[in-house]
Amino acid sequence: MNGSKRKKVIAGNWKMNKTAAEAATLIESLIPAVKDAECEVVILVPFLDISTAIKMCEGTNIRVGAQNCHFAESGAFTGEISVPMLIESGVEFVIVGHSERRQYFGETDDSVNKKAKSVIENGLYAIVCVGESLEERETGDTEKVVGRQVKAALFDVSSEHIGKIIIAYEPVWAIGTGKTATPEQAQEVCKFIRKTVKNLYSDEIAEKMVIQYGGSMNPGNAEELLALEDVDGGLIGGASLKADDFKAIVDAANV
Ligand code: PGA
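Model, not experiment: these values are computed from the prediction. (Residues numbered from 1 in each chain as written. Predicted model: local features only at pLDDT ≥ 70, side-chain atom pairs only at ≥ 80, totals over all residues. Heavy atoms only, no water.)

(A) Geometry of the pairing of strand β4 (residues 93-96). Along β4, one buried face is formed by Phe 93 and Ile 95 and the opposite face, lined by Val 94 and Val 96, is buried too. Of the pairings in the sheet, the one linking strand β3 (residues 62-66) to β4 comprises two bridges and is parallel in character. Of the residues in β4, the one forming a bridge with Gly 65 is Phe 93. A crossover links β3 with its parallel partner β4, the connecting element being helix α3 (residues 83-89), and its sense is right-handed. (Buried < 20%, exposed > 50% of the residue type's maximum accessible area, 1.4 Å probe, protein only. Helix = DSSP H or I, 4+ residues; strand = E, 2+ residues; numbered from the N terminus. Pairing = 2+ DSSP bridges. Right-handed = clockwise from strand over helix to strand, strands pointing away.)

(B) Representation of the sheet that holds β3 within the structure. Pairing is parallel around the closed barrel formed by eight strands, whose spatial order is β1-β2-β3-β4-β5-β6-β7-β8. Recorded for the sheet is a direction-independent mean angle of 25° between the axes of neighbouring strands. Bridge count between strand β6 (residues 165-169) and strand β7 (residues 210-214): four bridges; the pairing is parallel. Within β7, the residue paired with Ile 167 across the bridge is Ile 211. Helix α5 (residues 109-121) contacts β4, β5 (125-130) and β6 of the sheet and is inclined by roughly 160° relative to β5. (Axes fitted to C-alpha atoms, helices over the stretch in contact; angles between N-to-C directions. Contact = heavy atoms within 4.5 Å.)

(C) Expanded view of the packing of aromatic side chains. Scanning the model with the defined rule gives three aromatic pairs in all. Looking at Arg 101, its charged tip hangs above the ring of Phe 105, at a distance of 4.4 Å from the centre. It is Lys 164 that lies over the ring of Tyr 125; its NZ or CZ is 4.1 Å from the centre. (Phe/Tyr/Trp six-rings, centres within 6.5 Å; stacked < 30°, edge-to-face > 60°. Lys NZ or Arg CZ within 6 Å of the ring centre and 35° of its normal.)

(D) Region of the structure containing helix α11 (residues 243-254). In a regular helix each residue adds 1.5 Å, so twelve residues correspond to 16 Å; α11 covers 17 Å between its end C-alpha atoms and thus fits that length. Listed in full, the buried residues belonging to α11 are Ala 243, Phe 246, Ile 249, Val 250, Ala 252, Ala 253 and Asn 254. Those residues of α11 that are buried are in contact with β1 (9-13), α1 (20-33), β2 (40-44), α10 (222-226) and β8 (233-236). (Expected span 1.5 Å × (residues − 1).)

(E) The site of the ligand, seen in detail. Taken together, 13 residues lie near the ligand, and Lys 15, His 98, Glu 170, Gly 176 and Ser 216 sit nearest. At 2.7 Å, a backbone N or O of Ser 216 approaches an oxygen atom of the ligand. A total of 280 Å² of accessible area belongs to the ligand in isolation, and the protein chains cover 95% of it. Its residues placed into classes, the shell around the ligand shows four nonpolar, seven polar and two charged. (Near = heavy atom within 4 Å. Polar contact = N/O pair within 3.5 Å; in protein donor to acceptor, adjacent residues only side chain to side chain. Areas by Shrake-Rupley, 256 points an atom, 1.4 Å probe, with all protein chains shown as cover. Nonpolar A, V, L, I, M, F, W, Y, C, P; charged D, E, K, R; others polar.)

Here's what the structure looks like:
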């Protein structure tokens, strides 16, 4: 077991990849590959892969999540999926506010907050994504932007439900680009996020909160990133689609 006080969470964000049949093939390889993990292992799969994933992962250490939800419990929202629907499907986690959703699907700090509240108040874990763009980093606005996103996402979240929040720090410029944040950059922002949570809640809540890094994490850089004091896991995109790469990252979390 690593010396950290928080159990690490390695979560694979499959994005819009893998049909249900392809998902089954990947999960078949993943199950034996990560069975001895000391960290939590989560796969965040497309909605239509959930039922396959839940069936196959039953009785294993792989936990399943979704990549998005609507904040309303039901209603006239064509094409959307609600949290009660996700609960019935068996998932335990939902990604909220991924930068691709903020960028391409009009998600705002306000909708991220509403979604996060719906997820956690219904008893699931919300993996809330925050992160600055390249321009914001270059103009020295990283903490301003990330601080605003964290505060907005946690607005009106009670201390009773805060334990269900995981924050993923994903600098937008590092996602899918092969350009990873340096360990110093990742540690600095994850530490800043913990301080922001401490100021909003308490030392105890901040110390318990799982804060992941995401953005081109791969077998080559995972060990260094996961060893950082305030990095409690990873949200992995591209490298989660290959069983060997994902296993290597899970192994790096066990060091
Ligand atoms: P990446 O994606 O690992 O492919 O950069 C991470 C993410 O978007 O969650």
